[in-house]
Each structure stands twice: as C-alpha cells, then as structure tokens.
Amino acid sequence: MSRVYNFSAGPSCLPEEVLQECAAEMLDYQGSGQSVMEMSHRSKVYKPIIEHAEAQVRKLMKVPDNYKVLFLQGGGSTQFAMVAQNLAIKTGKAAYIQTGVWAKKAAAEAKHLGVAVDIIASSEDKNYSYIPKVEKISGDYDYAYICFNNTIMGTHYEYIPDTGNIPLVADISSCVLSEELDVSKFGLLFAGAQKNLAPAGVTLVIIREDLITDSPRAGTPTMSIYKTHADNGSMYNTPPCYTIYVLGKVLDWIERKGGVEAIHALNVAKADLLYNYLDSSPAYRATAEKGSRSLMNVPFLTKEDDPDKAKAINDKFVKEAAAAGLVNLAGHRLVGGMRASIYNAMPIEGVKALIAFMEKFAKENLQ
Ligand SMILES: *Cc1c(COP(=O)(O)O)cnc(C)c1O
C-alpha cells in the first residue's frame, strides 16, 4: 500500500492512526459484533461515542459551561442560514466583514432571508488577499459575522474584533483546533468537519446559551432551530453517527499529540517552512499578504506573468506533483496557481516533500 500526501482543501487528509483504528474496529466495535456504521444512535453502545466526542470538544477547546456543543448536518453552508434565522431577531440587522467567498455567501444568505446586512468592511479591492483591520464593531446589530480562516484565499485573522455586547459569530471551518481560541469571545462558532475534524457529514456548532431562542425568524423550520438540537443532545433526529465517531478519534489524536497548543506549534513550523520558501524563491510567490496569512491554506503562484504560459505551467506542476505522490494541489479558480492545504493531519514531512518538489520543478521549468 502506498499513501500520498494529500493537500486537498476539503475533504482532506485524516491522521493515519485514526484511519487505522477505524479499520481495526470496522466489523466489530469493542465486542459489540457491529460496525459503528450499523448501530442505532439510541443504543447503549453508541451513547458513549457521542458523549465522548462532545467531552473532547469541550476539553480541547476549553468550552465554557454556558455554551452548548452541537453536532448538526448540512455543512457550513447551512449555518449561513441558521445563524441569520436564529440570531437576527431583535433589530433584524447584522454586520458582516467580507473577506472572501465564504463570508460573501454567508452575507448573501442572510440577505436572502430578509436580514438587513451591513458589509462593514471588505478586502474585495485586492482580491481578498488580506484581512481588513476592524478592531471595534458597534451599532444596533443582532450579531456581527466573520470568516476566521478563508480557505480559498488563504487568509486568517490575527485579531478578534471587539464587538462589545454584539454577539460575534465566526466560521472556523478551516481552522478549528489548529490553534487555541478563546471561545468566550464569541457568541457562536461553527465548523464543517471535512477540513480539520473528520470526514464530511457533521457540522460542529458551539453556541452561547443565551442565544438559543425558541422564537427564531418567522418560517424557520424545526430542524433549523438551534433549540431543537440543544434540547435533544443533538439527537432530535438521526445524527451523522459514524462521522461523530471519527471526530472523537481525531480529537483523541490531537490530545495524544499534546493538545491544541502543541498542534498549533507544529502548524506554525509547517507554515513557516512553506512561506519562508515562497518568500525567498525567485520562482514562486504567496498570494496572501503578510500579517493575514493562513496556517492552513497556502495559495501560491509561479512568477510566470503571461496568463497563457502560467496556465500551462500550473497544469504541468499539478500533474507532475501528483505523479510524485503530492496530490490535490490545483489552486482555486478565483486565485489561480496552486494551493497547498496543510491541515493538522498533514505531517511536516509532507511539507518538506512539497518544497523539495517545488525546488526541482523550478530548476526544470522556471528559470
Ligand atoms: C468549506 C467551507 C465552507 C462550506 O462548507 P460546506 O460544509 O461545504 O457547506 C464554509 N466556510 C468555510 C470557511 C469553508 O472552508
């Protein structure tokens, strides 16, 4: 068997140890004679699995007691609507910082649901290559919204806006558990699992209890009301059982690695290697500005300026990299070039192998 280094932005690589544990338990989970895939979510054997996943989220993220941890479905994209439906209920106004595709989609969804959306800052002027500085947000907003790590543009907040009494909502889909985060600074955090937590299928939501309402915006379906899930331990309906099981194992793996602080140090080491190479190489350049760079998603271009030639070079890069066991490096069409997603589960050896390949490719093609 040979495994590749997978730089996919999502779904993305999982720790090999976790995959091995899942494989070992596939047919018979701890003497139950069943796979976790086959179990009733209400069975005695499944209950400790979801409880363990929640306990690990609480422990590793130091979630305060006045927050609920929910395991929902519908991905990050469903949260774009649920946030608006459940939070925009007093003034019906919300502030959004537009830092890329996902923040823009979230704002558009809120607007679609009748929320009065203010785009209070945007980095669209420079193709979202930086995070605008908005240290303070005030006004009669029901909530303020940010996308903390911008998966496509490769940018990340280096500060948390001060919103006073306005609940701050953050999409942390692509940076959850990659760094320590003070949950108490936020009203609501959410993350689709398929970037840094588990396979696709579960969305982690962490919500402050006072924001859980039983009177959301008119017409909100039962399944889209946080209270429905909070009151039922994320088991109002069938949860994504298997994905939650894998999520618990990924969190155990993070703990074995020394916890979030240790994972963060490793992520900094990996990202530093790659950015330092990009910043010093005459052949490539990173697209995200210094001071706004993501530790998780690193888009980069070659220094070929002619668009037709650049496209041919990028295609060749992606193809030859894949042949060398470095896969899913094609950039997003909005940025072009290449993108290396180096989530928690990407070992530093993968980053070193990528840099070695880039160096070789540059010598052969970019001089
Ligand atoms: C991938 C992603 C999403 C969309 O998630 P889905 O689960 O596909 O709906 C939203 N926000 C961010 C930051 C993402 O990276």
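Whatever comes next refers back to the structure up there.
Rules and cut-offs
- Residues numbered from 1 in each chain as written.
- Predicted model: local features only at pLDDT ≥ 70, side-chain atom pairs only at ≥ 80, totals over all residues.
- Heavy atoms only, no water.
- Helix = DSSP H or I, 4+ residues; strand = E, 2+ residues; numbered from the N terminus.
- Polar contact = N/O pair within 3.5 Å; in protein donor to acceptor, adjacent residues only side chain to side chain.
- Contact = heavy atoms within 4.5 Å.
- Near = heavy atom within 4 Å.
- Pairing = 2+ DSSP bridges.
- Axes fitted to C-alpha atoms, helices over the stretch in contact; angles between N-to-C directions.
- Expected span 1.5 Å × (residues − 1).
- Buried < 20%, exposed > 50% of the residue type's maximum accessible area, 1.4 Å probe, protein only.
- 1 Å grid on protein atoms, 1.4 Å probe; cavity = no way out; pocket = protein on both sides within 12 Å on 5 of 7 lines; lining within 4 Å.
- Points joined across faces, edges and corners; volume = space filled by probe spheres on them.
- Nonpolar A, V, L, I, M, F, W, Y, C, P; charged D, E, K, R; others polar.

A. Summary view of the side chain of Asn297. Relative to the elements of secondary structure, Asn297 occurs in strand 12 (residues 297-302). A polar contact is formed between the side chain of Asn297 and the side chain of Asn149, at a distance of 2.8 Å. Residues contacting Asn297, with those up to four places away along its chain left out, are Asn149, Thr151, Gly154, Ser174, Tyr275, Arg339, Ala340, Ser341 and Tyr343.

B. Up close: unusual backbone geometry. Gly10 connects to Pro11 through a cis peptide bond whose omega is -10°. Along the chain, Pro11 turns up in the loop between strand 1 (5-6) and helix 1 (16-24). Phi at Gln30 is positive, roughly 45°, even though this residue is not glycine. By the element assignment, Gln30 lies in the loop between helix 1 and helix 2 (47-61). Located in the positive-phi region is Leu177, a residue other than glycine, with phi close to 60°.

C. Just the site of the ligand, in detail. The environment of the ligand is formed by 13 residues, the closest being Ser77, Thr151, Asp171, Gln194 and Lys195. Within the side chain of Lys195, one N or O atom sits 2.6 Å away from an oxygen atom of the ligand. If one sorts the elements of the shell around the ligand by residue count, helix 3 (residues 75-87) sits on top with 4 residues.

D. Seen up close, the sheet that holds strand 14 (residues 338-341). The 3 strands lie next to each other as 11-12-14, forming an open sheet whose pairing is antiparallel. Since the sheet does not close on itself, it has two edges, and those belong to strand 11 (284-286) and strand 14, each with one partner. The mean angle between the axes of side-by-side strands here comes to 30°, regardless of whether they run parallel or antiparallel. As judged from the 4 bridges shared by strand 12 and strand 14, these two strands associate in the antiparallel manner. Following the sheet pairing, Phe300 is matched in strand 14 by Met338.

E. View of helix 3. Taking 1.5 Å of rise per residue, 13 residues should cover 18 Å, and helix 3 covers 18 Å from first to last C-alpha, within 8% of that figure. When you tally the buried positions in helix 3, you get 10 out of 13 residues, the bulk of the element. By the burial criterion, the buried members of helix 3 are Gly76, Gln79, Phe80, Ala81, Met82, Val83, Ala84, Gln85, Asn86 and Leu87.

F. A look at the layout of surface pockets. One number sums up the size of the largest pocket: a volume of about 450 Å³. If you trace the largest pocket, you find 20 residues lining it, with Leu14, Pro15, Glu16, Ala345 and Pro347 closest to the centre. Listing elements by their share of the lining of the largest pocket, those giving two or more residues are strand 1, helix 1 and helix 7 (260-280). Counted by class, the lining of the largest pocket contains 13 nonpolar, 3 polar and 4 charged residues. Contributing to the lining of the second largest pocket are 17 residues, with Ala310, Lys311, Asn314, Gly336 and Gly337 lying nearest its centre. Of all the secondary structure elements, the ones that give two or more residues to the lining of the second largest pocket are strand 12 and helix 8 (307-323). If you tally residues by element for the lining of the second largest pocket, the top one is helix 8, at 6 residues. For the lining of the second largest pocket, the per-class residue count stands at 6 nonpolar, 6 polar and 5 charged.

G. The sheet that holds strand 10 (residues 203-208), seen in detail. Across the sheet, 7 strands lie side by side as 2-10-9-8-5-3-4; this open sheet has mixed pairing. Two strands lie at the open edges of the sheet, namely strand 2 (67-72) and strand 4 (116-122), each paired on one side alone. Averaged over neighbouring strand pairs, the angle between their axes works out to 20° when direction is ignored. In this structure, strand 9 (residues 188-192) lies alongside strand 10, joined through 5 bridges in antiparallel fashion. Of the residues in strand 10, the one forming a bridge with Gly192 is Thr203.

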